[in-house]
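Chains, contacts and geometry: an overview
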Amino acid sequence: MKFKDVDLNELFRMMEEHDVAEIVLKDGKTAIEVKRNREPTHTSDSADKTDAVQAETGGAVEGESNRESNTLITEQKNNEKYHIVEAPLVGTFYLSPAPDEEAFVEVGDQVNSGDVLCIVEAMKSMNEIQTDVSGVIKEICVDNAELVEFEQPLFKIETNV
Amino acid sequence: MKKYNMYPGFLEVIELESCDSTNNYLKKNYEQLKSRLPVLITAAQQTRGRGRRDRTWQSQKYLGLYSTFGFYLESGSKLPLLPLTAGISVIETLNKITRFPGNSDGGRDFEFGLKWPNDILAGNRKISGILIENTMFKEKVFSVTGIGINLNHTTENFPGSLKDTATSLRLITGKTGKIEKVNKVLSHIFFSWLAKLKNNEHKEIIEQANRYSGFLKDRPITFHQDDKITSAIFRGINNDGGIILEGRQGTEKIYYSGEISPVSYVINNKDKK
């Protein structure tokens, strides 16, 4: 899950609706913590009623958000395990040095620090991107000849410890 | 003019009789040469001259200039302007050598133009191509900037596919060019523009690039980006070196990769600023 996928307004609405006081979202190394101030202004009747409903639905929501949080934490741990190679500039991503040549690397390949992983072409200059860690390529995050943005993840490498 | 009689003192020059490609030679010998940068590798002929994405660059013996400059840039942030810097340098080199004593000056009936980002045209035909291959290290960039200039070709020297689209200095001036002399002028001019790039004098580079591509300004062009072909109006080059194109809806978009199709406009940059 990425922050860009999260509709904060919807999140606030749901927190209010289900009276969730606090939620933590994690994306890679960044985390957002949202806390809501709740004022105890209910009458005893409605408070009991609300609490009951809250216990029912809130519990469900909490369970949901716990599962969500667990997923997020798992993903964060996976990303921490992997070294991410990002695009250093905007351009076109190429997996091979020339159209008829083999790809520099494939998923599962062992790479050493300094090995060339890909080319990012910008303004007709071919920029070779090297890995600065040794490890195994776990994922190639973009397709060949795809346009990439600055700092877009290109490779996930499981580093050798 | 005296300084152009020799190479810049800081530059190591390696002259080869033949190699597969001067870019390849520099990349293969990087470990031996890295402590001697900047270097210029120049060859009388290339057996496998290359353009972008492995296109062939015709490199017969003594007909053209086949040179590669190897140097470091401190930061990857300079890279988007490097193709323009190289293109400007080639145009100014061609301007300079066609104005040497003995050559006609004001009477010239041709001009050189820049087709973004770094194709050099003369009379709407390609006279020079540039292939830049950079290796990005953590703290610096090793640049391999290869430059090919058609100097002494006759029409017969070009294969059929290039006869209508390529030209040479000889074809437009009637005179042959001495490769070493052109290399010396190019070296001075390129490193002078490179110093501007390193000193963040980007405005001057962009202004000059816009001036040399002035013959295309406000004219319709066809733009290729991978498999996508777009018809647009060329509005110029922005401060980051990107091309500004106006689409059919009148909205402007900036592109950092892609290629302008061959054009048939007469190059006249004199009135453009």
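Residues numbered from 1 in each chain as written. Chains lettered and ligands numbered in written order. Predicted model: local features only at pLDDT ≥ 70, side-chain atom pairs only at ≥ 80, totals over all residues. Heavy atoms only, no water.

**Some thoughts on the pattern of salt bridges**
Residues and elements named next belong to chain A. Evaluation of the coordinates by the stated rule reveals 17 salt bridges over all chains. The shortest N-O distance in the salt bridge between E158 and K138 comes to 3.7 Å. Remark: K138 occurs in strand β8 (residues 135–140) and E158 occurs in strand β10 (residues 153–159); sequence separation between them is 20 residues. Looking at E158, the relative accessible area reads 24%, which means it is partly exposed. In this structure K138 comes out as partly exposed when scored by relative accessible area, which is 36%. (Salt bridge = Lys/Arg side-chain N within 4 Å of Asp/Glu carboxyl O. Helix = DSSP H or I, 4+ residues; strand = E, 2+ residues; numbered from the N terminus. Buried < 20%, exposed > 50% of the residue type's maximum accessible area, 1.4 Å probe, protein only.)

**Examining helix α5 (residues 179–198) of chain B**
The end-to-end C-alpha separation of α5 of chain B is 28 Å, in line with the 28 Å expected for 20 residues at 1.5 Å each. With its phi angle positive at about 65°, N200 of chain B sits one or two positions after the end of α5 of chain B. (Expected span 1.5 Å × (residues − 1).)

**Considerations on the sheet that holds strand β9 (residues 228–237) of chain B**
All names here are of chain B. Read across the open sheet, the 5 strands follow the order β11-β10-β9-β8-β12; overall the sheet is antiparallel. Two strands close off the open sheet at either side, each with one partner strand: β11 (252–255) and β12 (259–260). One ladder, built from 4 bridges, connects β9 with strand β10 (residues 243–246); its direction is antiparallel. Within β10, the residue paired with I233 across the bridge is E246. (Pairing = 2+ DSSP bridges.)

**Brief notes about the interface of chain A and chain B**
Chain A puts 22 residues into the contact, and the matching count from chain B is 29 residues. Interface area, chain A with chain B, both sides summed: about 2200 Å², of which 52% is carbon and sulfur. On the chain A side of the contact with chain B, M123, K124 and M126 of chain A bury the most area, a combined 39% of that side's loss. In this structure, the connection of chain A to chain B is made through 3 salt bridges. Here E128 of chain A and K27 of chain B are joined by a salt bridge, their closest N and O atoms 3.7 Å apart. (Contact = heavy atoms within 4.5 Å. Buried area = accessible area lost by both parts, 1.4 Å probe.)

Geometric values such as these leave the question of function open.
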